[in-house]
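# Inside the fold
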Amino acid sequence: MASDNAAPTGLLIIGASQSGVQLAISLRALGFEEHITLLGEENHRPYQRPALSKEWLQGEVGNESLIFRSAEYWDEHNVTLVKDQRITEIRKNPDGSGVAVAESGAEFPFKRLALTVGARARKLAVDGADLAGVVYLRNADDALALKAMVGDATDIVVIGGGFIGLEAASSLKKMGKNVVLLEHGPRLVGRAVGEATAEYFLDAHRSRGLDIRLGARISRFVPAATHDGGKAVSGVEVTVGGGTAAGGAAGEGTGAEGTAAEVIPAQIVLVGIGVIPNTELAEQMGLAVDNGIVVDSHALASDGTTVAVGDCANMPNPVPGSPAGERIRLESVNNAIEHAKVAAYSLMGRREDYAGIPWFWSNQADLKLQIAGLSMGFDQTVVRRDDERGKFSVLYYRKGRIIAADCVNAPLDFMAVKNALAKRQNIPADTAEAAAAVADPAVQLKTLAV
Amino acid sequence: MTTTVHYTDAEGTVRDIEGRPGDSVMETAVRNGVPGIVAECGGSLSCATCHVFVRDDCLSELPPIEPMEDEMLYGTAVDREENSRLSCQLKLTEGMDLYVTTPETQV
């Protein structure tokens, strides 16, 4: 295969998902002339992930819709796609060149290297974790396996009340399954949204019939014998309560007051409890790693030549005006795209700082959540709510300036905040009068931006 | 009967792409690398970065605007016009011959 490849590729991109694909595309748009190798460990053409837990799972879009670019596009743009090769070792020279060695023994020499290696699903380590039917949803193979099982299942337990868990649970419920969602914490979407949005989602999902149990402690996955002698999951043993929604300290060991352990039947257990950035290659190369591959504002890793992009990268907060020195790792399509553009400039020898307004979306049942900006460090919130039209937004402020918004079925609010942040405008809420205007759903937010 | 989308960019360059019935105008553009359509959200009506202007005589061939698309169109990078649509919501039908122009920027 590539082992006898005498001429090294100009750029080897390890990881053929959103950020790797975007990096190749952006480099060609900027006039990068060297050959590019886009290398993925999966045996699929590069594809988009977000629909795997949503439209694709429900059968609303087919496999082909997920493919990023036609094969002709890559040929015409002098990009070689390599599938099904897992890189296990990188030998790099100080000038940025080197060789990547795959598990198969194939070698991929390069002049420059980009790590777009993403993140993997965090595993839940309890008894029965290796039973058949316990699945994760991170890539296409996970999604194909889940979809193949879903037909025969009547009862599904989803563990984790974050975006993936809620999206998948909503999709599976729509497909007619009995779904119970178990969340360890005292509220939904713990890390990504504020309290008011979390409560809104809890009410909205429960009123749509989704069975959600907060403060859930999983003690084990219960096995059942199958025909072929293997073991498949038949249920989840769980204790609920102890750390109630009101009890702030819902840490480990406080669940003693909870209800007696119960076994919830499940032929499928889908676990969505977050991801871990893939930093092994970077560590092996001696790059700085701290909750992701540490990069500067130009997407350059600590060796000064390797770029690292997307979910795997820990970078300076790109929001203009954010506290100096604040670092962040973002898991989103928008970040994969924008970060890849900055990395492309870096590889062209140009120094463009990454500055942007992060945004996120999540579709759950008929709830369209759009988040603009980053709400961390907020000291004030204003809720806009129009129950008649099913719209709900929360605006976040820090020291009197708007920094973010969570918007549910409210694209106008989302757009208004995203545009205001991009233009460095404020949507003031520092007086009672101003806050009342922001909270009034009859007032268009756009008209309040100054 | 061929199905074709004619994409004109802001500079006036025209790209004629043969499409597959059932695909959207956005998907057809992205898969073939037509510049001017970003489509960050992959067609789930979340980002408004696949905005196009539809040639007036083609408008009647298209499905009507749903409320969510209508709201999203108010947030496009280049202001909407009477003939604005989000191309992820425009599905190609057999034999369709559609002319669209992409805006100067999508973000």
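First, a word on scope: everything that follows refers to the structure included in this document. (Residues numbered from 1 in each chain as written. Chains lettered and ligands numbered in written order. Predicted model: local features only at pLDDT ≥ 70, side-chain atom pairs only at ≥ 80, totals over all residues. Heavy atoms only, no water.)

### Quick notes on empty space enclosed by the protein
All names here are of chain B. Scanning the model with the defined rule gives one cavity of 30 Å³ or more in all. One number sums up the size of the largest cavity: a volume of about 30 Å³. Ala39, Cys41, Gly43, Leu45, Ser46, Cys47, Ala48, Cys50, Leu86 and Cys88 are the residues that line the largest cavity. (1 Å grid on protein atoms, 1.4 Å probe; cavity = no way out; pocket = protein on both sides within 12 Å on 5 of 7 lines; lining within 4 Å. Points joined across faces, edges and corners; volume = space filled by probe spheres on them.)

### Things to note about the sheet that holds strand S8 (residues 134-136) of chain A
All names here are of chain A. As summarised here, the arrangement of the five strands in space is S8-S15-S9-S10-S11, forming an open sheet in which the pairing is parallel. Two strands close off the open sheet at either side, each with one partner strand: S8 and strand S11 (211-213). Across the sheet, the mean angle from the axis of one strand to that of its neighbour is 25°, orientation sign disregarded. Strand direction decides the pairing type here: strand S9 (residues 155-159) and strand S15 (residues 268-271), joined by four bridges, are parallel. Bridging from a neighbouring strand, Ile159 pairs with Val271 of S15. The sheet strands contacting helix H3 (residues 140-150) are S8 and S15, and the helix crosses S15 at an angle near 155°. Relative to the sheet, helix H4 (residues 163-174) contacts S9, strand S10 (178-182) and S15, its axis offset from that of S10 by approximately 165°. (Pairing = 2+ DSSP bridges. Helix = DSSP H or I, 4+ residues; strand = E, 2+ residues; numbered from the N terminus. Axes fitted to C-alpha atoms, helices over the stretch in contact; angles between N-to-C directions. Contact = heavy atoms within 4.5 Å.)

### Quick word on a negative patch on the surface
Residue and element names in this part refer to chain B. On the surface, Asp56, Asp79, Glu81 and Glu82 cluster together to form a negatively charged patch. Relative to the helices and strands, Glu81 resides in the loop between helix H2 (67-73) and strand S4 (84-86). By relative accessible area, which is 46% here, Glu81 ends up partly exposed. (Patch = residues over 30% accessible without salt bridge, like charges linked within 9 Å, V, L, I, M, F, W, Y side chains within 5 Å. Areas by Shrake-Rupley, 256 points an atom, 1.4 Å probe, with all protein chains shown as cover. Salt bridge = Lys/Arg side-chain N within 4 Å of Asp/Glu carboxyl O. Lys, Arg positive; Asp, Glu negative; His and termini not counted. Charge placed at Lys NZ, Arg CZ, Asp CG, Glu CD. Buried < 20%, exposed > 50% of the residue type's maximum accessible area, 1.4 Å probe, protein only.)

### A word on the pattern of salt bridges
Scanning all chains against the criterion turns up 31 salt bridges over all chains. We note a salt bridge from Lys54(A) to Glu167(A), for which the minimum N-O separation is 2.9 Å. Of the two residues, Lys54(A) is situated in the loop between strand S2 (36-39) and helix H2 (71-76) and Glu167(A) in helix H4; the sequence distance between them amounts to 113 residues. No difference in accessibility class separates Lys54(A) from Glu167(A), as the two residues are buried. Within the structure, one salt-bridge network assembled from shared partners comprises Asp386(A), Arg389(A), Lys391(A) and Glu71(B).

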